[in-house]
Amino acid sequence: MLRFKILASTIPLVLAAFFARGELVPGTRPCISTGEASVQIAPTPWQAQLHVSFTDDPVLATVRVQIVDAAEAADFAVVDDIDSTEAGACDVTAATRFIAISASPSAAAPVIYLSDNDNADYRIFVKSRTFTPRDAAALIVGARGGHAHMVAAAL
């Protein structure tokens, strides 16, 4: 009976740790290193400092991201066909900024239009097994604080 009580008392602790951490076994999430800090897709929405969403309507977008065919033409390129990674490049620290991709747009959050068209705020190139173009777009917009590149440059 005592064993059952001990087991019953540890289950809430395990569940609390699961929800606080966001997962039982940490997995790799898309991440980029930006100088002293890193920007990473959040394991859970409530851990994110910035939420972004995507739209198929360019009129609703606050940030436009173009997918390009060559890394040389991109503002941000993701190529992960190498076997090794830079040690500590995306370690989670106090300076890590977490980004969440929301299913529905919010008035206060960036809304990204992802396309192949010119006249974009950012251009990305993605050749990856772990990153999707949506992940890369969310990370570059998150690294820039959610602001459109061209609008910020014009100010």
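It should be emphasised that the depicted structure is a prediction, and the values quoted were computed from it without experimental measurement.

Rules behind the numbers
Residues numbered from 1 in each chain as written. Predicted model: local features only at pLDDT ≥ 70, side-chain atom pairs only at ≥ 80, totals over all residues. Heavy atoms only, no water. Helix = DSSP H or I, 4+ residues; strand = E, 2+ residues; numbered from the N terminus. Buried < 20%, exposed > 50% of the residue type's maximum accessible area, 1.4 Å probe, protein only. Pairing = 2+ DSSP bridges.

S.K.: Any chance you could break down unusual backbone geometry for me, citing the residues and the numbers?
M.R.: The residue asparagine 119 is not glycine, and still its phi comes out positive at about 65 degrees. Positionally, asparagine 119 belongs in the loop between strand E7 (111-115) and strand E8 (122-127).

S.K.: Go over helix H2 (residues 133-143), please, and point to the residues and values.
M.R.: Along H2, eight of the 11 residues are buried, which leaves the element largely enclosed by surrounding structure. Among the residues of H2, Asp135, Ala136, Ala137, Ala138, Leu139, Ile140, Val141 and Gly142 are the ones counted as buried. At the exit of H2 stands glycine 145, carrying a positive phi of roughly 80 degrees.

S.K.: Run through the pairing of E7, naming residues and quoting values.
M.R.: In terms of burial, E7 is largely enclosed, as four of its five residues are buried. Inspection of the sheet shows strand E3 (residues 50-55) paired to E7 by three bridges, in the parallel sense. Its bridge partner being in E7, serine 53 is matched across the sheet by valine 111. Summarising the sheet, strand E4 (residues 63-67) and E7 pair through four bridges and their orientation is parallel. Within the sheet, the bridge partner assigned to glutamine 66 lies in E7 and is serine 115.

Geometric descriptors of this kind do not, in isolation, establish any biological role.
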